[in-house]
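Analysis of the macromolecular model
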Amino acid sequence: QVQLVESGGGLVQPGGSLRLSCAASISFFRSYDMAWYRQAPGKQREMVAAISSGGSTNYADSVKGRFTISRDNAKNTVSLQMNSLKPEDTAVYYCNKFPDPVWVGSGYYWGRGTQVTVSS
C-alpha cells in the first residue's frame, strides 16, 4: 500500500522559514528520485525541488537559493527547508516520486499535502 504523509506547513510571515517533512510508505523508496511539488489555487501543480536516489538535487528557478531538499533513506523521509519565504510561495505542498508520481491503477496518487501560507 502507498502512503505519502506531508507535515510541517503553517502560517508564516514573509522572510520566515518552515521545514516540511514527508513520510513515504513506498516500496524500494531508496531507488526513486523524489520531489516536492506545490499547487496554488487556480494554478497548475509544479515541481519545486527534486532529489535523486543518489542525492543530487535540482530546483525550480523561483526557489533556488532559498529552498533545500534532503532525504533520509533509512527513515524513508524527504524534507524541504524553506527560507526567505515570499507570498508567492503560498500553496499546498506535496511530496511524490519524480519525474512521474506514483500510479495506483486508477490514477496518480497524491497525499493530502500540507498548506503553506506566507502572509503578513
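Residues numbered from 1 in each chain as written. Predicted model: local features only at pLDDT ≥ 70, side-chain atom pairs only at ≥ 80, totals over all residues. Heavy atoms only, no water.

Here's the deal with the overall build of the chain
The following threshold applies: Going along the chain from the N terminus, every DSSP run of H or I of four or more residues is numbered as a helix, and every run of E of two or more is numbered as a strand. Radius of gyration here uses only the C-alpha atoms, and the compact-globule reference equals 2.2 Å multiplied by the residue count raised to the power 0.38. Partly exposed describes any residue whose relative accessible area lies between the buried limit of under 20% and the exposed limit of over 50%, with all areas from a 1.4 Å probe on protein chains only and scaled to the type maximum. The contact definition used throughout considers only heavy atoms, calling two residues in contact when any of these lie within 4.5 Å. For accessible areas, the Shrake-Rupley method is used with a probe of radius 1.4 Å. Any residue's cover is judged against the shown protein chains and nothing else.
Helix and strand content of the chain: 0 helices and 10 strands. Ordering the α and β elements of the chain from the N terminus gives β-β-β-β-β-β-β-β-β-β. Radius of gyration (C-alpha) of the chain: 14 Å, near the 14 Å computed for a compact globule of 120 residues. In terms of overall dimensions, the chain has a C-alpha envelope of 40 × 30 × 20 Å along the principal axes. For the chain, the proportion of its 120 residues judged to be buried stands at 40%. Sequence separation of at least 24 residues holds for 55% of the intrachain contacts in the chain that already meet a minimum separation of 6. Carbon and sulfur atoms provide 46% of the accessible area of the chain, an area that totals close to 6,500 Å².

Remarks on the side chain of lysine 97
Just so we agree on the cut-off: Here a polar contact is recorded for every N or O atom pair within 3.5 Å, except that within protein the pair must consist of a potential hydrogen donor and a potential acceptor, and residues adjacent in sequence are included only if both atoms are side-chain atoms.
Within the secondary structure, lysine 97 sits in strand β9 (residues 91–98). Only 3.0 Å separates the side chain of lysine 97 from the backbone oxygen of aspartate 100, close enough to count as a polar contact. Residue contacts for lysine 97: discarding those within four places in its chain leaves Tyr32, Asp33, Met34, Tyr37 and Val102.

Examining the sheet that holds strand β8 (residues 77–82)
Inclusion rule: Between any two strands, pairing holds if DSSP finds at least two bridges. Only the stretch in contact is used when a helix axis is fitted, and all axes are lines through C-alpha atoms; the angle between N-to-C directions ranges over 0 to 180 degrees.
On the basis of which strands lie adjacent, the open sheet formed by 4 strands has the order β1-β3-β8-β7 and antiparallel pairing. Two strands close off the open sheet at either side, each with one partner strand: β1 (3–7) and β7 (67–72). Along the sheet, successive strands turn relative to each other by an average axial angle of 15°, direction set aside. As judged from the 5 bridges shared by β1 and strand β3 (residues 18–25), these two strands associate in the antiparallel manner. Note that in β3 the partner of serine 7 across the bridge is serine 21.

As for the state of the cysteines
Convention followed: Criterion for a disulfide: a pair of cysteine sulfur atoms at a distance within 2.5 Å.
For the structure on display, the rule yields 1 disulfide. Between the sulfur atoms of cysteine 22 and its disulfide mate cysteine 95 the distance is 1.8 Å. Measuring handedness by torsion sign, the sulfur bridge of cysteine 22 and cysteine 95 sits at about 55° and is right-handed. Of the two residues, cysteine 22 is situated in strand β3 and cysteine 95 in strand β9; the sequence distance between them amounts to 73 residues.

As for the pairing of β9
The buried fraction of β9 amounts to 7 of the 8 residues, a majority that puts the element mostly inside the structure. Sheet topology places β9 next to strand β10 (residues 114–118); 3 bridges connect them, and they run antiparallel. Bridging from a neighbouring strand, alanine 91 pairs with valine 116 of β10.

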